[in-house]
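One letter stands for each residue in the lines below.
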Amino acid sequence: MNIELRHLRYFITVAEESSFTGAARRTHVAQQVLSAQVRQLEDALGVQLLERTSRGAALTPAGAAFLEAARDTLASLDRAVAAARNAARAVRGVLTVGLSVAAGGELPTALLAAFGAVEPQVETRLRTFELDQPGAGLLDHSADISFVRPPVAAPGIKLQQIAEEPRVFVLPSGHPLAGRQSLTMADVAGLPWIAAADATDGSDPQRWRDDWLARPRPGGDQPIIGGVARTIDEWRELVVAGRGISLCPASAELFYARPGLAFVRASGVPPAALCLAWRADDASPVVHRFIEVVAARALDHLVPAGGRSANI
């Protein structure tokens, strides 16, 4: 007779319970069936494994020796099943990850590292995109998935928010308002602003610029554009030169500070979001695995409002 896994499982349960009655309750199998299965196992081995008594069941020396081996066998099988399932879920390939300079910071870096640890068979290639490319490579297919700052107003693009952070006003350090603890939109009314360059990647250029200029505004005023920036360096230089102010996520102070810039907490302004973006019709398992892993890991990196996150 062949020894089957059920024989081992039933025997182990009876041995652990020291009782056929207890084992029957635990396995939801009739006591008579358990007894018959253990008898079959003993017949196959040619030894007695359990002493049946009025008080239950006790291991014989042969049973004690066999119990350890039976447990090892089942544990080895469980490991083999887990390995097979993990291999079936594993993904391989090359993934180009776009990173908008408007979304740079600690969090995308940490999430890329986390994905690499979970899926080492995937080669990730990082590409950065300037302020005039809010879609970060998705629209011309130079990226498979991207970290972006919304809005990405383009057909066929899906967004999933993974973090948010408060915003700050960015002013020249010599500006009369630079020493304030916080500022509202009413406080900066009438001041010129630095706008992002029009989107050149197929995204709606007006939606992107409107977000940079905090338009529409509660008071209905229209922003005065004092300069237009295509890159982060251009943006910083224009602010330092006194051409205008800007409104950015709070982590800009950590990642884009330089002499001549002042960062003041924005009060009454909605927080800035960090999103994953991908093409809605992309069925790539690597892309969807990245979304799954990164969305889960992002929860581990959440910080309270006013703390550091990853966006500019």
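Residues numbered from 1 in each chain as written. Predicted model: local features only at pLDDT ≥ 70, side-chain atom pairs only at ≥ 80, totals over all residues. Heavy atoms only, no water.

Turning next to the overall build of the protein. The helix and strand tally for the protein stands at nine helices and 13 strands. What you see for the protein is a C-alpha radius of gyration of 31 Å, clearly larger than the 20 Å of a compact globule of 312 residues, by over 25%. Expressed as a percentage of its 312 residues, the buried residues of the protein come to 46%. The contacts of the protein with a sequence gap of at least 6 include a subset with a gap of at least 24, amounting to 73%. Summed over all atoms, the accessible surface of the protein reaches about 15,200 Å², with 51% contributed by carbon and sulfur. Mean positive and mean negative side-chain charge positions of the protein (31 and 33 charges, respectively) differ by 4 Å. (Helix = DSSP H or I, 4+ residues; strand = E, 2+ residues; numbered from the N terminus. Rg over C-alpha atoms; globule rule 2.2 N^0.38 Å. Buried < 20%, exposed > 50% of the residue type's maximum accessible area, 1.4 Å probe, protein only. Contact = heavy atoms within 4.5 Å. Areas by Shrake-Rupley, 256 points an atom, 1.4 Å probe, with all protein chains shown as cover. Lys, Arg positive; Asp, Glu negative; His and termini not counted. Charge placed at Lys NZ, Arg CZ, Asp CG, Glu CD.)

Tracing the chain through its elements places Val101 in the loop between β3 (93-100) and α5 (106-118). C-alpha separation for the pair Val101 and Ile232, spaced 131 residues apart in sequence, amounts to 7.2 Å.

In this structure, Leu95, Ile145, Phe147, Ile162, Leu276 and Phe290 are the most contacted members of the largest nonpolar core, which totals 24 residues. Sorting the residues of this core by element identifies β3, α5, β5 (145-148), β6 (157-165), β13 (272-279) and α9 (285-300) as the ones contributing at least two each. Leave out the neighbours within four places in its chain, and Leu276 touches Ile145, Ser146, Phe147, Lys158, Leu159, Gln160, Ile162, Phe290, Ile291 and Val294. Ala196, Leu238, Ala252 and Tyr256 belong to the second largest nonpolar core, which has 21 residues in total. (Core = buried A, V, L, I, M, F, W, Y, C linked by side-chain atoms within 4.5 Å.)

On to the pattern of salt bridges. Overall, the coordinates contain 18 salt bridges when judged by the stated rule. Close ionic contact of Arg26 with Glu17 constitutes a salt bridge, the shortest N to O distance being 3.2 Å. Residue classification places Glu17 among the partly exposed residues on the basis of a relative accessible area of 33%. The network of salt bridges with common partners includes Glu16, Glu17, Arg26 and Arg71. (Salt bridge = Lys/Arg side-chain N within 4 Å of Asp/Glu carboxyl O.)

Let us now look at the environment of Gly219. Turning to its location among the elements, Gly219 is positioned in the loop between α6 (205-212) and β10 (224-229). By relative accessible area, Gly219 is classed as exposed at 69%. Along the backbone, Gly219 and Met185 are 34 residues apart, and their C-alpha atoms lie at a distance of 8.6 Å.

The five strands are arranged β4-β3-β5-β13-β6 in an open sheet whose pairing can be described as mixed. Looking at strand neighbours, the two that pair on one side only are β4 (122-129) and β6, the edges of this open sheet. Averaged over all pairs of adjacent strands, the angle between their axes in this sheet comes to 20°, without regard to strand direction. Examined bridge by bridge, β3 and β5 share three bridges and lie parallel to one another. (Pairing = 2+ DSSP bridges. Axes fitted to C-alpha atoms, helices over the stretch in contact; angles between N-to-C directions.)

The angle between the axes and the distance between the axes are what describe a pair of packed helices. Two elements in contact, helix α1 (residues 5-17) and helix α3 (residues 31-45), have axes whose closest approach is 9 Å; the angle formed by their N-to-C orientations is 115°. For the element pair α1 / α3, the angle class is roughly perpendicular. In terms of crossing hand, the pair formed by α1 and α3 is left-handed. Each of Arg6, His7, Tyr10, Phe11 and Val14 in α1 lies in contact with α3, whose residues at this interface are Leu34, Gln37, Val38, Gln40 and Leu41. When grouped by side-chain class, the residues that make up the contact of α1 with α3 number six nonpolar, three polar and one charged. (Parallel < 35°, antiparallel > 145°, perpendicular 65-115°, else oblique. Left-handed = near helix turned anticlockwise from the far one by under 90°. Nonpolar A, V, L, I, M, F, W, Y, C, P; charged D, E, K, R; others polar.)

This paragraph deals with a nonpolar patch on the surface. On the surface, Ile3, Leu45 and Val47 cluster together into a nonpolar patch covering about 200 Å² of accessible area. Here Leu45 shows up in helix α3. Under the relative-accessibility criterion, Leu45 is labelled partly exposed at 31%. (Patch = residues over 30% accessible without salt bridge, like charges linked within 9 Å, V, L, I, M, F, W, Y side chains within 5 Å.)

Take the layout of surface pockets next. Approximately 320 Å³ is the volume found for the largest pocket. Among the residues forming the lining of the largest pocket, the class breakdown is eight nonpolar, three polar and six charged. (1 Å grid on protein atoms, 1.4 Å probe; cavity = no way out; pocket = protein on both sides within 12 Å on 5 of 7 lines; lining within 4 Å. Points joined across faces, edges and corners; volume = space filled by probe spheres on them.)

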